[in-house]
Amino acid sequence: MVQAERCGVKTFDICPRACLLGRLGMKSFYITTAIDYVNGAPHLGHAYEKVLTDVVARFRRQMGDRVHFLTGADEHGQKVQASARKQGIPAQEYVDKTSAEFRALYDRLEVSYDDFIRTTEPRHKKVVRDVLQQLFDKGEIYQAEYRGFYSTRQEQFLQEKDRLPDGSWPEIFGEVTDIVEKNYFFRLKKYQDWLIEYLQSHEDFIFPRYRQKQVLEFLKEPLNDLCISRPKERLEWGIPLPFDESYVTYVWFDALLNYYSAVVDKGLWPADYNVIGKDILVPPHAVYWPIMLHACGLPPPKGLLVHGWWLQSGAKMSKSTGEAVNPLALVDQFGVDAFRYFLIREMNVGQDSEFTVEQFLVRYNSELANNLGNLVNRTLNMTTRFAGGVVPAVETKQELEQELATLWAKTRDEVVVLSEGFQFHTALERTMSFVTATNAYIEKRAPWKLGKSSEAADQALLRTSLATMAEALRLAVAAMQHVTPATTEKINAVLGYTPGSIWRDELNWGAKLAGAKVAPSLVLFPRPATK
Ligand code: MSP
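Residues numbered from 1 in each chain as written. Predicted model: local features only at pLDDT ≥ 70, side-chain atom pairs only at ≥ 80, totals over all residues. Heavy atoms only, no water.

Observations regarding the packing of aromatic side chains
Piece 1. In the structure shown here, the tally under the stated rule is 31 aromatic pairs.
Piece 2. When the ring of Phe59 is compared with that of Trp503, the centres are 5.9 Å apart and the planes differ by 85°; the resulting orientation is edge-to-face. Residue Phe59 is located in helix 2 (residues 44-62), and its partner Trp503 is located in helix 19 (residues 503-506); the two are separated by 444 residues in the primary sequence.
Piece 3. By relative accessible area, Phe59 is classed as buried at 1%.
Piece 4. The rings of Tyr48, Trp310, Phe334, Phe342, Phe355, Phe360, Tyr364 and Phe525 are connected pair by pair, giving a single aromatic cluster.
Piece 5. The ring of Phe29 has Arg60 sitting right over it, with the charged end atom 5.7 Å from the ring centre. (Phe/Tyr/Trp six-rings, centres within 6.5 Å; stacked < 30°, edge-to-face > 60°. Helix = DSSP H or I, 4+ residues; strand = E, 2+ residues; numbered from the N terminus. Buried < 20%, exposed > 50% of the residue type's maximum accessible area, 1.4 Å probe, protein only. Lys NZ or Arg CZ within 6 Å of the ring centre and 35° of its normal.)

Describing the side chain of His307
Piece 1. In this structure, His307 sits in strand 16 (residues 304-307).
Piece 2. A distance of 3.3 Å separates the side chain of His307 from the backbone nitrogen of Gly277, its partner in a polar contact.
Piece 3. Those residues in contact with His307 that lie beyond four places of it in its chain are Tyr48, Glu49, Leu52, Val275, Ile276, Gly277, Lys278 and Gly350. (Polar contact = N/O pair within 3.5 Å; in protein donor to acceptor, adjacent residues only side chain to side chain. Contact = heavy atoms within 4.5 Å.)

Some remarks on the packing of helix 7 (residues 210-218) against helix 10 (residues 281-295)
Piece 1. At their nearest, the axes of helix 7 and helix 10 sit 11 Å apart, and the two run at 90° to each other. For the element pair helix 7 / helix 10, the angle class is roughly perpendicular. Contacts between helix 7 and helix 10 pair Arg211, Val215 and Phe218 from the former with Leu281, Val282, Pro283, Ala286 and Val287 from the latter.
Piece 2. Here the residues of the contact of helix 7 with helix 10 are counted per class, giving seven nonpolar, no polar and one charged. (Axes fitted to C-alpha atoms, helices over the stretch in contact; angles between N-to-C directions. Parallel < 35°, antiparallel > 145°, perpendicular 65-115°, else oblique. Nonpolar A, V, L, I, M, F, W, Y, C, P; charged D, E, K, R; others polar.)

Focus on the site of the ligand
Piece 1. As a matter of local geometry, the ligand sits amid 25 residues, with Ile35, Glu49, Asp74, Asp279 and Met317 nearest to it.
Piece 2. In this structure, Tyr37 approaches the ligand through a main-chain N or O atom, which is 3.0 Å from an oxygen atom.
Piece 3. Between the ligand and Trp310 there is a distance of 2.9 Å, counted from a nitrogen atom to a backbone nitrogen or oxygen.
Piece 4. In the complex, 97% of the free accessible area of the ligand, which totals 660 Å², lies under the protein chains.
Piece 5. Secondary-structure elements contributing two or more residues to the shell around the ligand are strand 4 (36-37), helix 2, helix 8 (251-256), helix 9 (258-261) and strand 15 (273-277).
Piece 6. Here the shell around the ligand is composed, by residue class, of 12 nonpolar, eight polar and five charged. (Near = heavy atom within 4 Å. Areas by Shrake-Rupley, 256 points an atom, 1.4 Å probe, with all protein chains shown as cover.)

As for the pairing of strand 9 (residues 176-186)
Piece 1. When strand 7 (residues 141-151) meets strand 9, the two strands line up antiparallel, connected through 11 bridges. Each bridged residue has a counterpart across the sheet, and for Gln143 the counterpart in strand 9 is Tyr184.
Piece 2. Judged from the two bridges that link them, strand 9 and strand 11 (residues 226-227) form a sheet pairing that is antiparallel. When the bridges of strand 11 are listed, Phe185 appears paired with Cys227. (Pairing = 2+ DSSP bridges.)

Observations regarding the nonpolar core
Piece 1. Formed by 102 residues in total, the largest nonpolar core has its most connected members in Leu44, Leu109, Trp310, Ile344, Phe355 and Leu372.
Piece 2. No other element matches the 12 residues that helix 17 (residues 456-479) contributes to this core.
Piece 3. The contact partners of Leu372, leaving out residues within four places of it in the chain, are Glu367, Met432, Val435, Leu473, Val477, Met480, Thr487 and Phe525.
Piece 4. Ile35, Ile117, Leu199 and Val287 belong to the second largest nonpolar core, which has 60 residues in total. (Core = buried A, V, L, I, M, F, W, Y, C linked by side-chain atoms within 4.5 Å.)

A word on the sheet that holds strand 18 (residues 315-316)
Piece 1. Strand order in the open sheet made by the three strands is 18-17-19, with mixed pairing throughout. Both outer strands of the open sheet, strand 18 and strand 19 (353-354), are each paired with one neighbouring strand and no more.
Piece 2. The pairing of strand 17 (residues 310-312) with strand 19 spans two bridges and is parallel. Directly across from Trp310, in strand 19, lies its bridge partner Ser353.

Thoughts on the confidence of the model for the chain
The predicted coordinates ought not to be read in detail in places where the model reports low pLDDT.
Piece 1. When pLDDT is averaged along the chain, the result is 93, and 95% of the positions lie at 70 or above.
Piece 2. This model gives residues 1-16 a pLDDT under 50, and the stretch forms 39 contacts once residues within four places in sequence are excluded. (pLDDT = per-residue confidence, 0-100.)

Below you can see the structure in the form of structure tokens.
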């Protein structure tokens, strides 16, 4: 094992785990979400990001990768300090409570994270302090006097260019104060050319690609060095600087390092993807983060996966709009998988989507309750009625069966390619089209008519149609497994089927269900009681 000393923390160039995985032919895949500010209740926007990342993580696991999935909570900073004071409780007590609320939501949403990091944990604080000390020792951090404007709401220093043409400050900055204080600065400017060069030579660093161009546009203006300290008299709730304990660390410098601190002893850096919303791309993730890592002698993450916003009446859903959708209300009424399905089906990763209950209901009713629900009902009912509840074997393959199998082969290939490219919404659309085609196949075959005939050929066709619809259903839900894992599991269970360990093999049309004993019925997506 080769150890390298970087930024004061031991990192492993070659770790035994990586070697073992390599020998087993498994690719390691490390993916992270943004860590939420826990100074309010989680809303649909937070939930979306964790579900999206979960869908990527589950898909990569299904494809055979050894996945490490990290999420967590951003627990320091002004906003948390202010919220805790408002409630009259210590900041730590406050974050213990709110963090648990976020985590419970992600558990409820079946987010299959491997690790949940909190920035108040000793393991994180240690790495942040080690990194800071190392950068300070290398001269990458220096002290200087700062004179200027400070936005408490955004926890950031402002410049003249941030003013509106009439001289006032934009609403987003809240109260802006005039301050003079000594602070510590990280030499960001020095790495501007390196970053431009890096982005130009790594065109796929940011998904979607057009966002990379926006970053390069931003970098046309000269960067300022980054103020990474806050004097304790103004902000106590943070990680003290190791070289000057009268200051705490700027919350972004602290928070970004979570992606690294969580795996410092696991040999997993660099991450394959940091998944984030578009509001935190520039400058934190696309500028500060790669430069911080580079200054430490570490590589940037391999990619940034940048999603858009859930909007309400055209504006970003947020806790301050007061109208943010509570994910639990939808989950309680419609179930976890309906919620996950909607988020992933509706949003084209990278773009914005308007959230409305009407649209939720349209998808729920037409795609889940009617289309998929119908196929499940028909398969179970007819297998019970015409075959004693046991899936028959295919006896005769005619044009209709052939057509459906051909459509499946195309759907399967598309689902894999689309999911690899984060086009999950289209993958679901293709899968639903296949379910529609299967329902249409049933209409055409009309097993209820074949069941009335005593002709041997009709009986053979009846058994074939039952086998075909059951197999088609099994395949469709296998293709949705990373989005609706519990539904896939339930449908497999009522089909009397236990899937094999290799997901790609599960996507091949075969006779896997012949002889399986099915359940008589399953209510999956009941009609909502009220609107
Ligand atoms: N704490 C920082 C992130 C630090 S990462 C080192 C933060 N927290 S946040 O709670 O404001 O946002 C967490 C994530 O939720 C961000 O990626 C953000 O883009 C996402 N969303 C918050 N509101 C959103 C929507 N309305 N829609 C989609 N995602 C949005 O920023």
